Each structure stands twice: as structure tokens, then as C-alpha cells.
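Take a look at the letters that make up each chain.
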Amino acid sequence: MPFRRLGPSGLRVPVFSLGGWLTLGGTVVGDPVKEIIKIAFENGCNMFDTAETYAKGKSESEMGRAIKELGLRRSDLVITTKLFWGTKSGPNAAGLSRKHIIEGMQASLQRLQMDYVDVIFAHRPDPHVPMEEVVRAFNYVIDKGWAFYWATSDWSAREIEEAYHVASVLGLIAPIAEQCAHNLFNREKPEKEYAPLYKKYNIGTTVWSPLAGGLLTGKYNDGIPADSRLANHGDEFKSAVESLQKEEGLTKIRKVKELTKLAEGELNCKVTHLALAWLARNPNTSTVILGASKPEQVIDNLKAIEVIPKLTPEIMAKIEAILDNKPTPVPTHGRPPLDPFGRL
Ligand SMILES: NC(=O)c1ccc[n+]([C@@H]2O[C@H](COP(=O)([O-])OP(=O)(O)OC[C@H]3O[C@@H](n4cnc5c(N)ncnc54)[C@H](OP(=O)(O)O)[C@@H]3O)[C@@H](O)[C@H]2O)c1
């Protein structure tokens, strides 16, 4: 397993980590959680990602229980969780107020049965809380030893910039990473909007939904198989299910089929491996967070490691030609371009 530094920090993270959204503590409970974590760890994947909101806290408690029962040494693991949505209702039970960050952090640690996490993520930005309060609260969490680093998830480049600015002015610790959606079909934010942040702050991404929820495995090419995410969570993914019948979804399926031909014909691998290796090849990706409902999926997905060096410039060009969705970088780095007279 190759390891990379998480953004500008000294923390080494595996190129492929494992997350628990919908799966661990959700559709997967009990011993199977242990099996998935065990197989991942035995194959070099020692980083596990969860969130207070996943299965209303059950993802954290199931992952914590499994790790404890497996007897894994805490210092051998990188554990990340995320705060924002909370697990209960009430005006102060969610968001990024100092109150929820501190109370939420304590509740997460209790569920995980751990003294600390390695990275605590702000699961979303909170426009209702002053940025200074957010930065100070995450620094308090770090000072208390409840987390070693903090990071953002699904923030805009503008919001990340503000957090850096506030931290710099106050002499505090800034976020080290952004957890964002990135896959062959979802590229604008990580490849275009964040481009200046990689250069200025060296932030890294911890990529989520790398297989677009399974679409990039080819499992939805001929409809929705039983016991798949779209079958098990039909209500939650109603629009994704509907889109498979529409032009947008059909175009994606056509591209998955073309990518499959390329993967099998020229790389001797599955389209799944091509999709994961393509993300790992991006130097701004610190770790690709895998999702798996079965241990076999972990084993299968980790085969992508062998495909990373096969992605030569020629193969990358062929992938781009099939996708035809490369974001055009804006010379102003995300700010609106000026017109020929220099006006916005
Ligand atoms: N920060 C955020 O806002 C955010 C949002 C979403 C996710 N995340 C994180 O990112 C992690 C990964 O996201 P994701 O689960 O959406 O990732 P994904 O890789 O796009 O989808 C994973 C799902 O695809 C299917 N799959 C995976 N490997 C397969 C294989 N080899 N063959 C067939 N099917 C396969 C499985 O679903 P089925 O078997 O059920 O079909 C699996 O649960 C999450 O667990 C979470 O930690 C973060």
C-alpha cells in the first residue's frame, strides 16, 4: 500500500482508505463489519473514515466496537470522523458552533470508544457561525488532544480560504485537507475550483464516492441489481434511479461501457480498477476513501494499486477522450473571468 502525506501535514495516509457511509453500521452490522475492517487492515488500508451522522451514530459505534474486538493497536490506525449534522434534534445539536463542535466531538469519541481521532472534519460549512468561532473551536479540540488535525468537507474554495486567513491572523492551526466528491463523472470542484488551494496551501483531498456509488463498477449497466446500493436505498437515491432512464444517465452508462473496453482490452483490469487508479494518480489526492458492503469488494478494489503505473499519458488521453468532461481551468482561479473591458 503506498502512503502519502495528508496535505501539508506530516500524517501519512494510505492511498486507499475505507469509509462507513451507508454500509458500516447501516446495511452492514455485527460480525461483517469486523470482517470488512479486518480484510482492509490486513491489506495495508489502515485509515477508516466515519461521521457522527452516519446511521445516526451507529457507524461510529460499530466501527469502534469492531476495531476494539479485533484488538488493533490504536497507533497503527488513522481514524477520521466528521461533525455537522449531529445525531439528535435541537437548535444546538448540529452545525459548527463552538458548542456543537465540542459536544459533538466528545459524543463521537464515546461512540468510537477512543481517546482521540486523527483528523476531525467539518462535514459541511456553516454560514451561520463566524469563521473565527469555527477555527477557534477546532483548535480547542486539537489542544485538548481529542484530534490531531482538522479538515473540511464540501466547503467552497472561498470558505477554505477564509479559514486559512483567520487561522493565519490568529496564529492558529488551519485545516489540512478537504473531503470532496471526486470521480470520473464528478470533476469540477476538485479539479477546477480547488486548483489554487493545492498550490497555495498544499491541501490534500480525501476523495469520496470514488466509484460514483457503484456506477463506475458497471453494476448498473443493465438495470439495478438486487442487494445493491440503489436497490437498498431506493428512496434516498430516487433521482439517481430515475436518472438511469434519462439521457444523462444513459450517457454515463455508455461511457462506463467504453471505459470497460479500454480497461479490459489495454490494461487487463476491470473498469472499477481504472476508475480508482485514475483518482490515485492525481497528485492532489491524499487518499481515496473506498466504500464496501462486502469484504470481497475491498479485496477487489485494492487491485487498483497495480493499475496506477499503467495509466500512461497515452491511456490518460484515451480516458479523457471517452469522458469528454475535463474542466477548463479558469486563469483567475475560480473568480469570475473579466470581460474584455476588465469588468466583472
Ligand atoms: N464527506 C462527505 O460528505 C462524504 C459523502 C459521501 C461519502 N463519504 C465517505 O466516502 C466513503 C466512500 O463513499 P461511497 O461509499 O459513496 O464510495 P463509492 O466507491 O462511490 O461507492 C461504494 C459502493 O459501491 C459498491 N461497490 C464498491 N466496490 C465494489 C465492487 N468492487 N464491486 C461492486 N460494487 C462495489 C458498494 O455498494 P453496494 O454493494 O451496496 O452496491 C459500495 O458500498 C464513505 O464511506 C464515506 O466515508 C463522505
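Small disclaimer: the values here were computed from a predicted structure and weren't measured.

Thoughts on the overall build of the protein
Regarding its fold elements, the protein presents 14 helices and 10 strands. The C-alpha extent of the protein, read off along each of the three principal axes, is 65 × 55 × 35 Å. Sequence separation of 24 or more characterises 77% of the internal contacts of the protein that already satisfy a separation of 6 or more.

What to know about the site of the ligand
Every one of the 29 residues lining the ligand counts as a neighbour, but Gly19, Trp208, Leu211, Gly214 and Gly291 are closest to it. Looking at the shell around the ligand, the elements that each hand over two or more residues are β10 (285-291) and α12 (295-302). Grouping the constituent residues of the shell around the ligand by class yields 8 nonpolar, 16 polar and 5 charged.

Observations concerning the nonpolar core
Judged by nonpolar contacts, the single largest core of 82 residues is most densely connected at Ile120 and Val288. In terms of residues, this core owes the most to one element, helix α11 (residues 271-280), which gives 8 residues. Other than its neighbours up to four places away in sequence, Ile120 contacts Thr81, Leu83, Met105, Phe138, Val141, Ala147 and Trp150. Ranked by size, the runner-up nonpolar core spans 5 residues in total, among them Trp21, Ala51, Tyr54 and Ala55.

Digging into the UniProt feature "domain: NADP-dependent oxidoreductase" (unreviewed entry) in the protein
In the UniProt entry, the feature "domain: NADP-dependent oxidoreductase" (unreviewed entry) is given for residues 18-323. End-to-end, the C-alpha atoms of residues 18-323 are 26 Å apart, and along that stretch the chain is 47% helix and 13% strand.

Observations concerning the sheet that holds strand β8 (residues 177-181)
Around the barrel, which closes on itself, the 8 strands sit in the order β3-β4-β5-β6-β7-β8-β9-β10 with parallel pairing between neighbours. Within this sheet the neighbouring strands show an average axis-to-axis angle of 30°, counted without direction. In the sheet, strand β7 (residues 147-153) pairs with β8 via 2 bridges, with the strands oriented parallel. Across the sheet, the residue bridging to Thr152 is Glu178, located in β8. Strands β9 (204-208) and β10 of the sheet are contacted by α11, whose axis makes an angle of about 155° with β10.

A look at the packing of helix α10 (residues 247-267) against helix α14 (residues 313-323)
Interhelical geometry of α10 versus α14 gives an angle of 160° and a closest axis separation of 9 Å. The angle between the axes of α10 and α14 places the two elements in the roughly antiparallel class. With respect to the hand of their crossing, α10 and α14 are arranged in right-handed fashion. Residues Lys255, Glu258, Leu259, Leu262, Glu266 and Leu267 of α10 lie in contact with α14, whose contacting residues are Ile315, Lys318, Ile319, Ile322 and Leu323.

Some details on the pairing of strand β3 (residues 16-19)
With burial as the criterion, each face of β3 is covered, one bearing Phe16 and Leu18 and the other bearing Ser17 and Gly19. Here β3 pairs with β10 via 4 bridges, running parallel. Its bridge partner lying in β10, Ser17 is registered against Ile289. As paired elements, β3 and strand β4 (residues 47-49) share 2 bridges and run parallel to each other. The partner of Gly19 across the bridge, within β4, is Asp49.

A look at the packing of helix α1 (residues 31-42) against helix α2 (residues 58-70)
Packing of α1 against α2 brings their axes to within 9 Å, and their N-to-C directions diverge by 65°. Regarding the angle of α1 to α2, the classification is roughly perpendicular. Considering the relative orientation of α1 and α2, their crossing is right-handed. Taking contact as the criterion, the partners of Val33, Lys34, Ile37 and Lys38 in α1 are, on α2, Glu62, Met63, Ala66, Ile67, Glu69 and Leu70. Here the residues of the contact of α1 with α2 sort into 6 nonpolar, no polar and 4 charged.

What to know about the environment of Val169
Looking at the element boundaries, Val169 is found in helix α5 (residues 157-170). A residue is classified by how many C-beta atoms lie within 10 Å of it, and Val169, with 10 of them, is exposed.

Conventions used here
Residues numbered from 1 in each chain as written. Predicted model: local features only at pLDDT ≥ 70, side-chain atom pairs only at ≥ 80, totals over all residues. Helix = DSSP H or I, 4+ residues; strand = E, 2+ residues; numbered from the N terminus. Contact = placed C-beta atoms within 7 Å. Near = placed C-beta within 6 Å. Nonpolar A, V, L, I, M, F, W, Y, C, P; charged D, E, K, R; others polar. Core = buried A, V, L, I, M, F, W, Y, C linked by C-beta atoms within 7 Å. Buried ≥ 20, exposed ≤ 12 C-beta atoms within 10 Å, placed from the backbone. UniProt positions renumbered as here; feature names shortened; annotations may be inferred. Pairing = 2+ DSSP bridges. Axes fitted to C-alpha atoms, helices over the stretch in contact; angles between N-to-C directions. Parallel < 35°, antiparallel > 145°, perpendicular 65-115°, else oblique. Left-handed = near helix turned anticlockwise from the far one by under 90°.

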